[in-house]
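Chain and residue survey
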Amino acid sequence: MTSTAAAPPPPRAYRRLSVEERRAQLLVAALGLFAHRAPDEVSLDEVAVAAGVSRPLVYRYFPGGRQQLYEAALGSAADELKLCFTEPPVGPPTERVARVLDRYLRFVDEHDTGFSALLRGGSVVETSRTTTIVDGVRRAAAEEILSHLGRIGGIGPQGTGPQSAGPRLRMMVRSWIAAVEAASLIWLDEGKQPPAAELRGWLVDHLIALLAATAATDEETAAVVRDLLALETPDGPAGRLAELVIPVVAEAVHLLPHAAAAD
């Protein structure tokens, strides 16, 4: 009688990885470890085990050891983090920023311990090169946020070009980026509470509030706010914040000079 048992599958053909593929494999393994462990707590042996390769192979690709591997992994993570801030110029600006923050907070959530160690510093593998990589992410993030506010370039003191951001607006945006970083670290310390969606909404509100406060004394920012509000909708972040804040601000009408004079 003929057997009906299925024939075993043919053995999977071995494919030698290219140099680029092998390097990428090692970086993925390293990032998985650095995401949840402080960099100076991760050994090359652990990276080798995670990648399913030998320790000498890790050294072949990263002869500088853990330091070189960490800087390469950090650069890879930085590229991923920069992409979080890339958003097509479609729809109201505050809704674009909300989508950016959703991706950013998802990255923070997935790389919690590594993100915290990276931004707090103090690691034995921290160098001027790693600091430069991190600062590059901050500047790229500021560039992207400025683009959603209708300004290009002008991040550095020598910024020029059409619709180049002025110093007050640049300072405000970079201050907000710093606040986002600080809030992310506090969020991790607080056990990722409040929920990410609430934190994102609060950070968008923070940006709107900073823009409004800066617009009060800076003509360029005032123009940016006028253009931004023209694109917003009543049910969007700016509309919801206005509905909540305007009654609160109305309580301060007695502080205005004309109100005091009337009394």
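Residues numbered from 1 in each chain as written. Predicted model: local features only at pLDDT ≥ 70, side-chain atom pairs only at ≥ 80, totals over all residues. Heavy atoms only, no water.

**A few points about the confidence of the model for the chain**
The pLDDT averaged across the chain works out to 84; a share of 84% of its residues lies at or above 70. Here helix H12 (residues 257-262) stands out as the least confident element of the chain, with mean pLDDT 61; helix H9 (residues 196-215) is the most confident, with 96. Here residues 155-162 is modelled with pLDDT under 50, and outside its nearest four sequence neighbours on either side it reaches 11 contacts, counting other chains as well. (pLDDT = per-residue confidence, 0-100. Helix = DSSP H or I, 4+ residues; strand = E, 2+ residues; numbered from the N terminus. Contact = heavy atoms within 4.5 Å.)

**Overview of a nonpolar patch on the surface**
On the surface, Leu244, Val245 and Val249 cluster together to form a nonpolar patch covering roughly 270 Å² of accessible area. Tracing the backbone through its elements, the reader meets Val249 in helix H11 (residues 237-250). (Patch = residues over 30% accessible without salt bridge, like charges linked within 9 Å, V, L, I, M, F, W, Y side chains within 5 Å. Areas by Shrake-Rupley, 256 points an atom, 1.4 Å probe, with all protein chains shown as cover. Salt bridge = Lys/Arg side-chain N within 4 Å of Asp/Glu carboxyl O.)

**Describing the environment of Arg240**
Structurally, Arg240 is set in helix H11. In the structure, Arg240 is positioned 35 residues away from Asp205 in sequence and 9.4 Å away in space, judged by C-alpha atoms. Not counting chain neighbours up to four residues away, the residues in contact with Arg240 comprise Pro234 and Asp235.

**Some remarks on the pattern of salt bridges**
One pass over the structure, following the stated rule, counts 10 salt bridges. Between Arg200 and Asp102 there is a salt bridge, with the nearest N and O atoms lying 2.9 Å from each other. Pair noted here: Arg200 is in helix H9 and Asp102 is in helix H5 (residues 93-110), with a separation of 98 residues, a long-range link. The exposure class assigned to Arg200 is partly exposed, which follows from its relative accessible area of 23%. Judged by its relative accessible area of 27%, Asp102 is partly exposed. With a closest N to O distance of 3.2 Å, Lys192 and Asp112 form a salt bridge. Within this pair, whereas Lys192 is found in the loop between helix H8 (167-189) and H9, its partner Asp112 is found in helix H6 (residues 112-120), the two being separated by 80 residues in sequence. Taking the relative accessible area as the measure of exposure, Asp112 reaches 18% and is therefore buried. (Buried < 20%, exposed > 50% of the residue type's maximum accessible area, 1.4 Å probe, protein only.)

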